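Coordinate inspection notes
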Amino acid sequence: MPITLPSSPSGEQYEDFVTASLKTLGYFTETRVVLREGRKEILELDVVATPINGRPSDRELFEVKKSGFSFTNIFKLLGQKIYLNIDKACLVSLNAPEEKYLKIYRNKAEEIDIRIVNLSLDTETITNLAPLQ
């Protein structure tokens with residue numbers, strides 16, 4: 001019996017798909033990273049990816065959302081990027097917004113240097129996620 005992706009993955013399954021896609025493209029990945037101070041959780045990162053042949057400064061944050069883009073998630077990612085002093089960040093979504101709203105999301109994300117990517121479960125489109133290393 002062949003192994004297939006679920007047609008409607010859970011949020012964690014979609015995160016796993018994005019992580020596996022990044023690994024396929026040549027990235028070292030750290031997933032579900034929880035930063036704590038004492039016993040208190042400060043923040044949780046979905047995926048931190050570093051090109052295998054790159055430097056630590058080449059790493060990129062990935063926020064993965066099955067449900068679609070939102071300004072809340074774009075600005076959350078900006079805050080994480082600033083707090084952690086990481087230059088690159090990308091919001092990845094399975095479900096695309098209506099076409100008339102996509103341009104608004106793209107423009108605002110570009111303005112604050114956040115990439116947004118709509119990544120379907122079609123494995124032929126994973127190169128939209130990050131450059132092949």
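Criteria and thresholds
Residues numbered from 1 in each chain as written. Predicted model: local features only at pLDDT ≥ 70, side-chain atom pairs only at ≥ 80, totals over all residues. Heavy atoms only, no water. Pairing = 2+ DSSP bridges. Helix = DSSP H or I, 4+ residues; strand = E, 2+ residues; numbered from the N terminus. Axes fitted to C-alpha atoms, helices over the stretch in contact; angles between N-to-C directions. Patch = residues over 30% accessible without salt bridge, like charges linked within 9 Å, V, L, I, M, F, W, Y side chains within 5 Å. Areas by Shrake-Rupley, 256 points an atom, 1.4 Å probe, with all protein chains shown as cover. Salt bridge = Lys/Arg side-chain N within 4 Å of Asp/Glu carboxyl O. Expected span 1.5 Å × (residues − 1). Buried < 20%, exposed > 50% of the residue type's maximum accessible area, 1.4 Å probe, protein only. Contact = heavy atoms within 4.5 Å.

1. Topic: the sheet that holds strand β3 (residues 60–65)
- Judged by pairing direction, the sheet is mixed, and its five strands sit side by side in the order β1-β2-β3-β4-β5 without closing on themselves. At either margin of the open sheet sits one strand with a lone partner, and together these are β1 (27–37) and β5 (115–118). Across the sheet, the mean angle from the axis of one strand to that of its neighbour is 30 degrees, orientation sign disregarded.
- Taken together, the 10 bridges between β1 and strand β2 (residues 40–51) define a ladder with antiparallel strand orientation.

2. Considering a nonpolar patch on the surface
- Taken together, Phe71, Phe75, Tyr101 and Ile104 make up a surface patch of nonpolar side chains, about 360 Å² in accessible area.
- Those elements that provide at least two residues to the nonpolar patch are α2 (71–84) and α3 (99–111).
- Within the fold, Phe75 resides in helix α2.

3. As for unusual backbone geometry
- For Asn85, which is not glycine, the phi dihedral falls at a positive 55 degrees.
- Positive phi, close to 60 degrees, is recorded for Asp113, a residue that is not glycine.
- Summarising the element assignment, Asp113 is placed in the loop between α3 and β5.

4. Re the pairing of β2
- Where β1 folds back onto β2 in an antiparallel hairpin, the turn is made up of two residues, including Gly38, whose phi is positive at roughly 65 degrees.
- Looking at chain direction, β2 and β3 are connected through three bridges and run antiparallel. Bridge assignment links Ala49 to a residue of β3, and that residue is Glu60.

5. What to know about helix α1 (residues 11–24)
- With 14 residues, α1 ought to run about 20 Å at 1.5 Å a step, and its terminal C-alpha atoms sit 20 Å apart, in line with that.
- Residues Tyr14, Glu15, Phe17, Val18, Thr19, Ser21 and Leu22 constitute the buried set of α1.
- Tucked inside the fold, the buried residues of α1 contact β1, β2, β3 and β4 (88–93).
- Trailing α1 by a residue or two, Gly26 shows a phi angle of about 100 degrees, which is positive.

The analysis is restricted to geometry; functional conclusions fall outside its scope.
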